[in-house]
Amino acid sequence: MNNQNEFMDAAIELSLQGSASNEGRPFGCVIVKDGKIKGRGNNAVTSINDPTAHAEVMAIRNACQNLGSFQLSGCEIYTSCEPCPMCLGAIYWARPDKVYYANTHHDAANAGFDDAFIYDEISCEPSKRKIPMIHLPNEQALNVFKMWIEKSYKIKY
């Protein structure tokens with residue numbers, strides 16, 4: 001067995017353990033760097049009452065803490081299912097080198113986990129979304145951005 005299969009098996013095992021223990025839905029994820037697992041996560045949305053506690057987000061948080069970094073350069077993500085829109089965004093912000101996934105978003109939809117409505121909402125004008133998004137221009141908020149632009153020392157990512 002190659003390492004890719006072993007890492008995917010670890011992610012799938014987390015999905016099984018998390019759902020069997022009623023921590024959340026059946027999703028698991030591991031993050032690997034230099035051939036070693038640096039982060040682990042399973043879906044814990046319902047057990048910790050956090051809608052962002054998806055397996056990939058939990059694994060990203062765990063790996064970043066373990067690595068002492070806010071980015072995952074040089075890392076690979078192994079996840080039991082193709083990432084949802086939120087997790088996909090988190091993955092892009094974390095900047096890993098590669099993502100491997102087992103189940104597809106179609107498999108997830110067939111199991112009752114359909115994210116198609118979110119993809120549809122992303123392409124809508126904010127004012128036409130099902131949850132209204134209302135632009136409230138604010139000079140003070142804009143000034144904070146201006147201060148950031150002028151700031152001499154900032155950590156870019």
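Note that the coordinates shown come from a computational prediction; the quantities given were computed from them, not determined experimentally.

*Asks:* Could you clarify how one ought to interpret the nonpolar core in this entry?
*Replies:* Formed by 16 residues in total, the largest nonpolar core has its most connected members in Phe27, Cys29, Ile31, Ile60, Leu72 and Ile77. Mapped onto this core, the elements with two or more residues apiece are strand E1 (28–33), helix H3 (55–67), strand E3 (75–81) and helix H4 (85–94). Beyond its immediate chain neighbours, meaning those up to four positions away, Ile31 contacts Lys36, Ile37, Lys38, Gly39, Ala59, Ile60, Ala63, Leu72, Cys75, Glu76 and Ile77. Within the second largest apolar cluster, nine residues are counted, among which are Phe7, Met8, Ala11 and Tyr100.

*Asks:* In this structure, what is going on with the side chain of Thr79? I would like to understand it.
*Replies:* As for its placement among the helices and strands, Thr79 is situated in strand E3. With a relative accessible area of 1%, Thr79 lands in the buried category. At 3.4 Å, the side chain of Thr79 and the backbone oxygen of Gly28 are in polar contact. A polar contact is formed between the side chain of Thr79 and the side chain of Glu56, at a distance of 2.8 Å. Contact partners of Thr79, with chain neighbours within four places excluded, come to Met8, Ala11, Gly28, Cys29, Glu56, Val99, Tyr100, Tyr101 and Ala102.

*Asks:* Which parts of the structure should I look at to understand the sheet that holds E3?
*Replies:* In a beta sheet, neighbouring strands are held together by backbone hydrogen bonds and run either parallel or antiparallel to one another. What the four strands build is an open sheet, ordered E2-E1-E3-E4; its pairing is mixed. Looking at which strands have only one partner, the edges of the open sheet turn out to be strand E2 (36–42) and strand E4 (98–103). Sheet twist, expressed as the mean angle between neighbouring strand axes with direction ignored, is 15°. Pairing analysis gives six bridges linking E1 to E2, with the strands arranged antiparallel.

*Asks:* So what exactly am I meant to see when it comes to the environment of Lys151 here?
*Replies:* With respect to the helices and strands, Lys151 occurs in the segment after helix H7 (139–150). Separated by 80 residues in the primary sequence, Lys151 and Gln71 place their C-alpha atoms 22 Å from one another.

*Asks:* I keep staring at the pairing of E1 and nothing clicks. Help me out?
*Replies:* Within a regular beta strand, the side chains point alternately toward one face of the sheet and then the other, so they alternate between its two faces. With five of six residues buried, E1 lies mostly within the body of the structure. The turn joining E1 and E2, which pair antiparallel and follow one another in sequence, is formed by two residues; a positive phi near 55° is taken by Asp34. Pairing between E1 and E3: five bridges, direction antiparallel. When the sheet's bridge partners are listed, Val30 is paired in E3 with Tyr78.

*Asks:* What is the right way to look at the packing of H3 against H4 in this model?
*Replies:* Geometrically, a packed helix pair is captured by the angle between its two axes and the distance between the axes. Two numbers describe how H3 lies on H4: the axes approach to 8 Å, and their chain directions differ by 25°. On the basis of the axis angle, H3 is roughly parallel to H4. Here H3 runs over H4; the crossing is left-handed. Along the contact surface, H3 presents Glu56, Val57 and Ile60, while H4 presents Met86, Cys87, Ala90, Ile91 and Ala94. Taken together, the residues that form the contact of H3 with H4 break down as seven nonpolar, no polar and one charged.

*Asks:* Would you take a moment to explain the environment of Ile131 for this structure?
*Replies:* Position of Ile131 among the secondary structure elements: in the loop between helix H6 (116–122) and H7. Taking the relative accessible area as the measure of exposure, Ile131 reaches 62% and is therefore exposed.

*Asks:* Is there a simple way to think about the pattern of salt bridges in this case?
*Replies:* It is possible for side chains of opposite charge to pair when their charged atoms get near one another. In the structure shown here, the tally under the stated rule is three salt bridges. Here Glu121 and Lys130 are joined by a salt bridge, their closest N and O atoms 3.8 Å apart. Owing to a relative accessible area of 73%, Lys130 belongs among the exposed residues under this scheme.

Procedures and definitions
- Residues numbered from 1 in each chain as written.
- Predicted model: local features only at pLDDT ≥ 70, side-chain atom pairs only at ≥ 80, totals over all residues.
- Heavy atoms only, no water.
- Core = buried A, V, L, I, M, F, W, Y, C linked by side-chain atoms within 4.5 Å.
- Buried < 20%, exposed > 50% of the residue type's maximum accessible area, 1.4 Å probe, protein only.
- Helix = DSSP H or I, 4+ residues; strand = E, 2+ residues; numbered from the N terminus.
- Contact = heavy atoms within 4.5 Å.
- Polar contact = N/O pair within 3.5 Å; in protein donor to acceptor, adjacent residues only side chain to side chain.
- Pairing = 2+ DSSP bridges.
- Axes fitted to C-alpha atoms, helices over the stretch in contact; angles between N-to-C directions.
- Parallel < 35°, antiparallel > 145°, perpendicular 65-115°, else oblique.
- Left-handed = near helix turned anticlockwise from the far one by under 90°.
- Nonpolar A, V, L, I, M, F, W, Y, C, P; charged D, E, K, R; others polar.
- Salt bridge = Lys/Arg side-chain N within 4 Å of Asp/Glu carboxyl O.

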